[in-house]
Amino acid sequence: GQSLEQPSEVTAVEGAIVQINCTYQTSGFYGLSWYQQHDGGAPTFLSYNALDGLEETGRFSSFLSRSDSYGYLLLQELQMKDSASYFCAVGSNTGKLIFGQGTTLQVKP
Amino acid sequence: ETGVTQTPRHLVMGMTNKKSLKCEQHLGHNAMYWYKQSAKKPLELMFVYNFKEQTENNSVPSRFSPECPNSSHLFLHLHTLQPEDSALYLCASSQGGAGSAGNTIYFGEGSWLTVV
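Residues numbered from 1 in each chain as written. Chains lettered and ligands numbered in written order. Predicted model: local features only at pLDDT ≥ 70, side-chain atom pairs only at ≥ 80, totals over all residues. Heavy atoms only, no water.

Enquirer: Is there a simple way to think about the layout of surface pockets in this case?
Expert: Using a probe with the size of a water molecule, rolled over the atoms, empty space left in the structure can be pinpointed. Size it by volume and the largest pocket reaches roughly 620 Å³. The wall of the largest pocket is formed by 26 residues, among which Ser-85 and Thr-104 of chain A together with Gln-37, Ala-39 and Lys-40 of chain B lie closest to the centre. (1 Å grid on protein atoms, 1.4 Å probe; cavity = no way out; pocket = protein on both sides within 12 Å on 5 of 7 lines; lining within 4 Å. Points joined across faces, edges and corners; volume = space filled by probe spheres on them.)

Enquirer: Before we go on, may I ask you to explain the pattern of salt bridges in this structure?
Expert: Pairs may arise between side chains of opposite charge once their charged atoms sit close together. According to the stated counting rule, one finds three salt bridges over all chains in the structure shown. Here Arg-59 of chain A and Asp-82 of chain A are joined by a salt bridge, their closest N and O atoms 2.8 Å apart. Linking Arg-59 of chain A in the loop between strand S6 (53-57) and strand S7 (60-65) with Asp-82 of chain A in the loop between strand S8 (70-75) and strand S9 (84-91), this pair joins segments that are 23 residues apart in sequence. Between Arg-63 of chain B and Asp-85 of chain B there is a salt bridge, with the nearest N and O atoms lying 2.7 Å from each other. One end of the pair, Arg-63 of chain B, is in the loop between strand S6 (53-57) and strand S7 (64-70); the other, Asp-85 of chain B, is in the loop between strand S8 (73-79) and strand S9 (87-94), and 22 residues separate them in sequence. (Salt bridge = Lys/Arg side-chain N within 4 Å of Asp/Glu carboxyl O. Helix = DSSP H or I, 4+ residues; strand = E, 2+ residues; numbered from the N terminus.)

Enquirer: Explain the pairing of strand S5 (residues 44-50) of chain B here, please?
Expert: The side chains of a regular strand alternate between the sheet's two faces. All names here are of chain B. Burial of S5 is extensive: five of the seven residues sit out of reach of the surface. Where strand S4 (residues 31-37) lies against S5, six bridges are found, and the strand directions are antiparallel. Bridged to Met-32 within S5 is Tyr-49. Connecting S4 to the next strand, S5, in antiparallel fashion are six residues, including Lys-40 with a positive phi near 65°. (Buried < 20%, exposed > 50% of the residue type's maximum accessible area, 1.4 Å probe, protein only. Pairing = 2+ DSSP bridges.)

Given below as structure tokens:
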């Protein structure tokens, strides 16, 4: 089966850097994705890693280590609007995308 | 605006009612999904359709019945639900199977369902 582990909550201050970790167990790994969801909104795609290493998109970066079944989302120069839930998700060879429980990020002034 | 539209946004229904949730995607995608999101739980995949054919039923009770008349529309028919079925139901679509080559899935805003 597939499972993902990520912290349930993270708190940081504006301007800081925060890292949200995700470990996973899956068969037929097809990449690690990250989604953001604001309260009352739809999850929206942030990033995708199929290969080891760091992918950077503006203030957000995502990292993957397939040998460790581990990845993280790095958010820099935090802003209040970054307060949201962040989900890691793994694709499988059966065509499914399975999500972690989500990490609630609270950014404080 | 994600290109995936869900109606209604909010629904309250009794346990003996029959209702339906509707989803329409304007992205030309081939795959559509229903997810359930409950408080403090991961997004739970319910059903997957590829080219109108159901390819995944994640052990969902039969009181939830999906229908996919074409690649752009997806329904979730609801009948004799239980209060524990109250949740946010999210529809999503992708170009192909979500597990392949990083296909991004695009979610609708969701339908908040309350069963009383």
